[in-house]
Amino acid sequence: MSSTQAEELQGKIVESTNLEKRAADILTRLRSLREQDAPTHGGRVLSYVYDSGLAALDELAADAARLVQPVNGLDPTVFPSTAVMERELVAFAREFLHGASDPATDTDTDTDTDIGGVVVGNVTSGGTESCVLAVKAARDFRGLPPGEGSLVLPTTAHAAFHKAAHLLGLELILVPVDPTSGRVGAQDIATAVRKDTVLIVVSAPNYPFAALDPIADVAEVARAHSIPLHVDACIGGLALPWWGDLPPWDFQVPGVTSMSVDFHKYGYSPKGVSVLLHRGRDLHRKQYFGLTDWPGYPVVNPTLLGSKSVAALAGAWAISQVLGQSGYAELVSRAQRATRALIETVQSIDGLRVVGSPVGPLFAVATDGSVPLERRVDPHRWVSAVGARGFVLQGQPASTQPDGTVLPRTTHLTVTPVTESVLGELTNALVLGADDVRGLAAAEAPPALAELAGAFERGDVTVADVLALPSDAVAAALRSAGLDPRGSADAPLDMAAVLAAVESLPREVTKRLLVEFLAGLVEL
């Protein structure tokens, strides 16, 4: 077949399928599907999404993503634009996290107590990948074989570190935090450290309560034991640098050896893009995976992904180039004003309290146990009541720590610059929502799951019994509890009841149930 004939045939195929009409139809369907989503802009969702309030930044990121849409980030020697963008974004993060230094004096020589050297890093697909790779680098730097080693972190550290320990075969050592402040104690970290500990983790701040861990104090513990210290600043890394007077928490602190910061949070770029930084090239290189012992092309991957889109990288790079530190500082000031106003509002609501002393543009709200029962507000019922008034908050279940202390059930609020534009309406929703549910008892688990909880208490069933059930049986149990992933959209999920089930059942069981529920959502 000649090239002319091939072109004619291709034209007929395209014409016969009416590609343009089909494309228009499918985009119409996508727009209809998006109407079912929570709004990503306008400040009505106080978790998951980060709205700068500047439409121009969204357009900039979209334009940048389109320019690199066909590019494969697998090989920067073929697509050198990816290396330039990554290099400049890493350098930008390194500067505001106080990792920049004089190259003439910055060498990769370690002392007995410090891992040192120039701060270098990579762009990853998000905070989870950054955290997993930080753990992987620390384990390989230590030289322990797979299946050995331990990871020490507060109970409030992000779930990504649990995933890292699971994937890498490390024992997870969870250190209780103060239930009042949400902060971990440096001495408690020191007590938990073992000879096989490969990494200590702290948060700046943690997600559940927005508590800033005592990073300088924990760093002293890490240095005394010659253990790397990771500061998880995924949520705070692009806010705390301009938040005001804070104790040192970044690379200014001797002993901090790696940091993670998400640009798809307060960097306002499309998901997913995060930066992982290491102090010292030797530690950083342990993040990589390389393979030349196979018949194909040499494989060298700085991240878990091989072939990958660079659309989010391009968006983050473009936004950071346009905003610079001064632009981010201005956006942080807007989020800070909104955060302070909302905290003041919550503190004035009878029956609720702000947990601890939050740092950054997020905070958690719990029941005020100091007032009589009839004046208390359950935070999960409050989520539902505020949701009925047009704002989406995030419920967090109570949690028992290894030492038996209990962290309260709470409601989480993530505040962004655009929140300032809806403060009046949001404040009313928070106050009136509390009025709607004040004095009501906490929500109960769905009856079928409450019955299951009773069976556990009586000893009629064990965790092993539930974990041994096939997926079909677990799905049937969910349906009997009214939690059908394929149920009607007219019957929205009662998250207060779901969280009540999480609190009343063994956590291994609720994990199994929720895995089945989420898996069912994407099955045809």
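Use the structure listed above.
These numbers were taken from a predicted model, which means no experiment stands behind them.

Describing the environment of Leu-467
At step 1: Within the secondary structure, Leu-467 is located in helix H14 (residues 463-467).
At step 2: Take Leu-467: its relative accessible area is 38%, and that puts it in the partly exposed class.
At step 3: In the structure, Leu-467 is positioned 44 residues away from Lys-511 in sequence and 9.8 Å away in space, judged by C-alpha atoms.
At step 4: Sequence-distant contacts of Leu-467, that is, excluding residues within four places in its chain, are made with Glu-508 and Arg-512.

Quick look at the pattern of salt bridges
At step 1: This structure, assessed with the given rule, holds 19 salt bridges.
At step 2: Salt-bridge contacts for Asp-378 lead to Arg-409; the nearest nitrogen and oxygen are separated by 3.3 Å. Of the two residues, Asp-378 is situated in the loop between strand E11 (362-367) and helix H11 (379-388) and Arg-409 in the loop between strand E14 (406-407) and strand E15 (410-414); the sequence distance between them amounts to 31 residues.
At step 3: It is possible to trace a salt-bridge network through shared partners that takes in Lys-136, Arg-139 and Asp-140.

Describing a nonpolar patch on the surface
At step 1: On the surface, a cluster of nonpolar side chains totalling about 340 Å² of accessible area is made up of Ile-26, Leu-27, Leu-30 and Leu-33.
At step 2: Inspection of the secondary structure puts Ile-26 in helix H2 (residues 19-34).

Considerations on the side chain of His-284
At step 1: Within the element layout of this structure, His-284 appears in helix H9 (residues 281-285).
At step 2: A polar side-chain atom of His-284 sits 2.6 Å from a polar atom in the side chain of Asn-122.
At step 3: Beyond its immediate chain neighbours, meaning those up to four positions away, His-284 contacts Val-120, Gly-121, Asn-122 and His-278.

A short note on the pairing of strand E5 (residues 229-232)
At step 1: Of the two faces of E5, the one carrying Leu-229 and Val-231 and the one carrying His-230 and Asp-232 are both buried.
At step 2: Pairing geometry for strand E4 (residues 197-203) and E5, over 4 bridges, is parallel. What sits directly across from Ile-200, in E5, is Leu-229.
At step 3: For the crossover that starts at E4, traverses helix H8 (residues 215-224) and ends in the parallel E5, the hand is right-handed.

Comments concerning the nonpolar core
Soluble globular proteins tend to pack their nonpolar side chains together in the buried interior.
At step 1: Judged by nonpolar contacts, the single largest core of 74 residues is most densely connected at Ile-189, Ile-200, Ile-215, Trp-249, Phe-263, Val-275 and Tyr-328.
At step 2: No other element matches the 10 residues that helix H10 (residues 311-347) contributes to this core.
At step 3: Those residues in contact with Ile-200 that lie beyond four places of it in its chain are Val-152, Ile-189, Val-193, Val-218, Ala-222, Ile-227, Pro-228, Leu-229 and His-230.
At step 4: Of all hydrophobic cores here, the second largest spans 26 residues; its members include Leu-352, Val-354, Leu-393 and Val-437.

A look at the packing of helix H16 (residues 495-504) against helix H17 (residues 507-521)
At step 1: For the pair H16 and H17, the least separation of the axes is 7 Å and the interaxial angle reads 140°. Within the contact between the two elements, H16 uses Val-498, Ala-501, Val-502 and Glu-503 and H17 uses Arg-507, Thr-510 and Leu-514.
At step 2: Partitioned by chemical class, the residues of the contact of H16 with H17 number 4 nonpolar, 1 polar and 2 charged.

Thoughts on the sheet that holds strand E10 (residues 352-354)
At step 1: Taken in spatial order, the 4 strands line up as E10-E11-E15-E12 in an open sheet, and their pairing is antiparallel. Either end of the sheet is taken by a strand with one partner, and the two such strands are E10 and strand E12 (394-396). Put simply, the sheet's adjacent strands are angled 30° from each other on average, direction ignored.
At step 2: On the sheet, H11 packs against E10, E11, E12 and E15 and is oriented at approximately 45° with respect to E15.

Details of the sheet that holds E4
At step 1: With mixed pairing, 7 strands are arranged side by side in an open sheet as E1-E7-E6-E5-E4-E2-E3. The sheet is open, and its two borders are formed by strand E1 (119-124) and strand E3 (171-175), each paired with just one other strand. Strand-to-strand twist across the sheet, computed as the mean angle between neighbouring axes with direction ignored, equals 20°.
At step 2: As paired strands, E1 and strand E7 (residues 274-279) are joined by 6 bridges and run antiparallel to one another.

Calculation rules
- Here the residue index of a chain counts from 1 through its sequence in written order.
- With the structure being a predicted model, the display of local features is reserved for residues of pLDDT at least 70 and the display and counting of side-chain atom pairs for 80 or more, all residues being used for whole-chain, interface and lining totals.
- Side-chain numbers here rest on the full set of heavy atoms in the structure, without hydrogens or water.
- Runs of E in the DSSP output that reach at least two residues are strands. Runs of H or I that reach at least four are helices, and both are numbered from the N terminus.
- Burial classification: accessible surface area is computed with a 1.4 Å probe over protein chains only, and a residue below 20% of its type maximum counts as buried, one above 50% as exposed, and the rest as partly exposed.
- Whether two residues are in contact is decided by their heavy atoms: any pair within 4.5 Å suffices.
- Salt bridges, as used here, are contacts in which a Lys or Arg side-chain nitrogen is within 4 Å of a carboxyl oxygen on Asp or Glu.
- Two joining distances apply to patches: 9 Å for like charges and 5 Å for nonpolar side chains (Val, Leu, Ile, Met, Phe, Trp, Tyr), and every residue must have over 30% relative accessible area and no salt bridge.
- Areas reported here follow the Shrake-Rupley algorithm with a probe of radius 1.4 Å; residue values treat only the protein chains shown as occluding.
- Whenever a nitrogen or oxygen atom comes within 3.5 Å of another N or O atom, the pair is scored as a polar contact, on the condition that within protein one atom can donate a hydrogen and the other can accept it, and that pairs from neighbouring residues in sequence are kept only if both atoms are in side chains.
- Pairs of strands are assigned from DSSP output, requiring at least two bridges between the strands.
- Note on handedness: a crossover is taken as right-handed if, strands pointing away from the viewer, the path from the first strand over the helix to the second is clockwise.
- Residues belong to a common nonpolar core when they are buried Ala, Val, Leu, Ile, Met, Phe, Trp, Tyr or Cys residues joined through side-chain atoms within 4.5 Å.
- For every element, the axis is a line fit to its C-alpha atoms; helices are fit only across the contacting stretch, and the angle between N-to-C directions ranges from 0 to 180 degrees.
- Lys, Arg, Asp and Glu make up the charged group, whereas Ala, Val, Leu, Ile, Met, Phe, Trp, Tyr, Cys and Pro make up the nonpolar group; the residues left over, Gly among them, are polar.

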